[in-house]
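What the coordinates show
Each chain, letter by letter, is given below.
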Amino acid sequence: MQTPPATPVRTPVEASAETSVETRGLEPVPDGERTGRVRELVPTWVAANISVLLLTMGAGLVIFNKLNIWQVLVVAIAAPVASYGLVGLISIAGKRGGAPGMALSRAVFGQRGNLFPGALIWVARWGWETINAVSGAFAMLTVLDLLFGVEKNTALIVVTLVLFVGCTFLVSGLGISALRACSTWSTYLFGAFSVLVLGYLVVESDWSAVFDKPAGSTAMMIAGIGTIAAGGISWVPSGPDFTRYLPRTASAKGMVGATIGGAAVVVIPMVLMGAVMAVGTPDLATAQDPVSFIGNLLPAWIAVPYLLIALVGMLLINSMSMYSAGFTAQTLGIKVPRAAAVSVNAVISLVFGFLLMVVATSFFGSFISFLTLLAVAFSAWIGVFGVDMLRRTSYDGAALLDTTRTSAYWYRGGYAWQAMTAWGLALVVGLLFTKVDWFGGPLAGTWIGRNGLGWAAGIVTSGLLYAVLPRAAAPAAPAAGAGEPELAGAAGSLSN
């Protein structure tokens, strides 16, 4: 994305705000329609983290990782800075190219080569959307229990799951304007009730038990950072999806700052509140339901509205994920509109969500294993794409959409072998250092493995390999606008 037009023109989507359906797919957004503002990224990434799962994960740091409150504070600060810092940096590609992240990825891996990381990322999104759908359904069930004393059963599980996924499909299908509007309002409401919950915990918690807990190991603290950061890492390829409507002159520093700030303002207090709640939830390790403990710890007059607002937040998270997944499906050659492509993920969420709610014996164990593998799956792509961003300042929009041999991004046989080699080897390296409940790499017992840094090993490996390998034949440069000085010279602020 480069120089803005003299007279900005509002997009058809923005003209009627949330009532319109976005019809734009993979094609780059024209300069005349790039009327977004950097500050709009703040509620976007606030909404991406409005999930009661952060409370569960904060509690897990105390119960499973054996951390004390001060170590949890370090984790809560470091995780969003590291993960959403990556999201913000990669999202700069969105304003440069005006296209979704996985469409821009074609310029890195080649038109055919991009199918491999694209397919892996698409499949990984199934799991993330399933986890959120299950959490949303459990939140509904908890509210029904608190208000009407209705106990969950298989039929009710199916109904709540279908209702949640259906609402997610509706919002994600509407497009970027609907997501922006919902994100803004949910940010205000969730923030207000979070302050209320925090006040209740301040008054009612056993603070002597909280502060007297002994410190855990440094390895468990580092591993905790990776666990919390995994959620943010999963958003990295989607970063450009939400910045492609920004003008080319948008501040790169402001984009990174808004992304980190929007996430951190939710992640830090939520993780800390979960850690405090953990004093009263020692049985969380064996719980199949990750949400009901909130109803047990908070009075109904707080728990019910809080869970309802959090339910909207989880719906938004899934809507944002499905919104990006629609683009990913299109890059894989699925010849349907983006809104229709979203339906594939919706169906998958229903099927896997039912299995997790009815068949799985431990939600938390499955969740942590999934997060760990999710971070590894995304890390190999991040390293390659990030290094490529350092080398280029613009993208050829026509070449991104041209999937034939005439594309400037066809390279050799449709593959950029340098990117493919770095990505594939880094994926293997990351798995070698990774251990979950049902899988353990042969190097998981090393320092890197014990500290849960398989994902970091993947990023470093892919980035270094791609940096030292010979560069692919340079594609033809687009006729318009060169690059911009980006982070080195951007005087960014959230007021853009």
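Throughout, residues of each chain are indexed from 1 in the direction in which the sequence is written. Whole-chain, interface and lining totals are the exception, using all residues; otherwise, since this is a predicted model, local features are given only for residues with pLDDT of at least 70 and side-chain atom pairs are given and counted only at 80 or more. Remark: hydrogens and water are excluded; side-chain values derive from all non-hydrogen atoms of the structure.

Next up on the list: the overall build of the protein chain. Each helix is a run of H or I in the DSSP string that is no shorter than four residues. Each strand is a run of E no shorter than two, and both are numbered from the N terminus. In terms of regular secondary structure, the protein chain is built from 21 helices and two strands. Burial status follows relative accessibility: with a 1.4 Å probe on protein chains alone, a residue under 20% of its type maximum counts as buried, one over 50% as exposed, and anything between as partly exposed. Counting over 496 residues, the protein chain shows a buried share of 57%. Accessible surface is estimated by sampling points in the Shrake-Rupley manner with a 1.4 Å probe; for residues, cover comes only from the protein chains shown. With the model as given, the accessible surface of the protein chain reaches about 18500 Å², and the carbon-plus-sulfur share is 70%.

Running from amino to carboxyl end, helix α3 (residues 53-63) crosses helix α16 (residues 363-391) at an angle of 95 degrees, the nearest separation of the two axes being 12 Å. When the axes of α3 and α16 are compared, the pair comes out roughly perpendicular. Contacts between α3 and α16 involve Leu 53, Thr 56, Met 57 and Gly 60 on the former and, on the latter, Phe 363, Phe 364, Phe 367 and Leu 371. A fitted line through C-alpha atoms serves as each axis, taken over the contacting stretch for helices, and the angle formed by two N-to-C directions is quoted from 0 to 180°. Here the word oblique covers every angle except those under 35 degrees (roughly parallel), over 145 (roughly antiparallel) and from 65 to 115 (roughly perpendicular). When checking whether two residues touch, look at their non-hydrogen atoms; a contact exists if any pair is within 4.5 Å.

Residues other than glycine seldom take positive phi values, yet Lys 66 does so here, at roughly 60 degrees. If you trace the backbone, Lys 66 turns up in the loop between α3 and α4 (69-97). You will see that Tyr 411, though not glycine, has its phi angle at about 55 degrees, which is positive. In this fold, Tyr 411 is placed in the loop between α17 (397-401) and α18 (417-432).

Here the nonpolar core consists of buried residues drawn from Ala, Val, Leu, Ile, Met, Phe, Trp, Tyr and Cys, with membership extended through side-chain atoms lying within 4.5 Å. Core analysis: the largest hydrophobic core is formed by 137 residues, its most contacted members being Trp 45, Trp 235, Trp 381, Phe 385 and Tyr 395. The leading source of residues in this core is helix α14 (residues 300-331), at 16 residues. If we ignore the near neighbours within four places in the chain, the residues touching Trp 45 are Tyr 84, Val 87, Trp 235, Gly 239, Phe 242, Thr 259, Gly 262, Ala 263 and Met 320.

Before going further, it helps to spend a moment on α14. How far a helix is expected to stretch is found by multiplying one less than its residue total by 1.5 Å. Helix length check: α14, at 32 residues, gives a terminal C-alpha distance of 46 Å against a target of 46 Å (1.5 Å per residue), a fit within 8%. Most of α14 sits inside the fold, with 27 of its 32 residues counted as buried. Immediately downstream of α14, the backbone of Gly 333 shows phi near 95 degrees, a positive value.

Let's shift gears to the side chain of Gln 418. Note that Gln 418 resides in helix α18. Taking the relative accessible area as the measure of exposure, Gln 418 reaches 6% and is therefore buried. Under the rule applied, a polar contact is a pair of N or O atoms within 3.5 Å (in protein, one hydrogen donor and one hydrogen acceptor; residues adjacent in sequence only if both atoms are side-chain atoms). At 3.0 Å, the side chain of Gln 418 and the backbone oxygen of Pro 470 are in polar contact.

A few words now on the packing of helix α7 (residues 115-148) against α16. Following both chains from N to C, one finds α7 and α16 inclined at 155 degrees, their axes separated by 10 Å at the closest point. Comparing their axes, α16 and α7 come out roughly antiparallel. The handedness of the crossing between α7 and α16 is left-handed. Here Pro 117, Leu 120, Ile 121, Ala 124, Arg 125, Gly 127, Trp 128, Ile 131, Val 134 and Ser 135 of α7 lie close against α16, whose contacting residues are Phe 363, Phe 367, Phe 370, Leu 371, Leu 374, Ala 377, Phe 378 and Trp 381. In a left-handed crossing the near helix is turned counterclockwise from the far helix by less than a right angle, and in a right-handed crossing that turn is clockwise.

What counts as a ring pair is set by centres within 6.5 Å for rings of Phe, Tyr and Trp (its six-membered ring), and what kind of pair is set by the plane angle: stacked under 30 degrees, edge-to-face over 60, tilted for all other angles. Evaluated as defined, the whole model comprises eight aromatic pairs. An angle of 80 degrees between the planes, with centres 5.6 Å apart, marks the rings of Trp 45 and Phe 242 as edge-to-face. Note that Trp 45 is positioned in helix α2 (residues 41-47) and Phe 242 in the loop between α11 (218-233) and α12 (252-277), a separation of 197 residues in sequence. Relative accessible area serves as the criterion here: at 1%, Trp 45 is assigned to the buried category. Exposure remark for Phe 242: the relative accessible area of 8% places this residue in the buried category. Three or more aromatic residues link up through ring pairs in this structure, and these residues are Trp 45, Tyr 84, Trp 235 and Phe 242. A positively charged side chain is recorded as over a ring if its NZ (Lys) or CZ (Arg) lies within 6 Å of the ring centre. The angle to the ring normal must also be within 35 degrees. Here Arg 391 stacks its cationic end above the ring of Tyr 466, 4.9 Å away from the centre of that ring.

Without a salt bridge and with relative accessible area above 30%, a residue can belong to a patch; like charges are then joined within 9 Å and nonpolar side chains (Val, Leu, Ile, Met, Phe, Trp, Tyr) within 5 Å. Whenever a carboxyl oxygen of Asp or Glu lies within 4 Å of a side-chain nitrogen of Lys or Arg, that contact is scored as a salt bridge. On the surface, a nonpolar cluster with roughly 710 Å² of combined accessible area is contributed by Val 158, Val 162, Val 347, Val 351, Phe 352, Phe 354, Leu 355, Val 358 and Val 359. When contributions to the nonpolar patch are tallied by element, the ones reaching two or more residues are α8 (154-174) and α15 (338-358). Ranked by the residues each element gives to the nonpolar patch, the list is headed by α15, at six residues.

On to the pattern of salt bridges, then. Evaluated as defined, the whole model comprises three salt bridges. Two residues, Arg 34 and Asp 31, come together in a salt bridge whose shortest N-O distance is 3.4 Å. Look at Arg 34 and you get buried, because its relative accessible area is 6%. One salt bridge connects Arg 392 with Asp 388, and the closest N-O pair in it is separated by 2.6 Å. By relative accessible area, Arg 392 is classed as buried at 13%. The exposure class assigned to Asp 388 is buried, which follows from its relative accessible area of 4%. Each of Asp 31, Arg 34 and Arg 248 takes part in a single network of salt bridges with overlapping partners.

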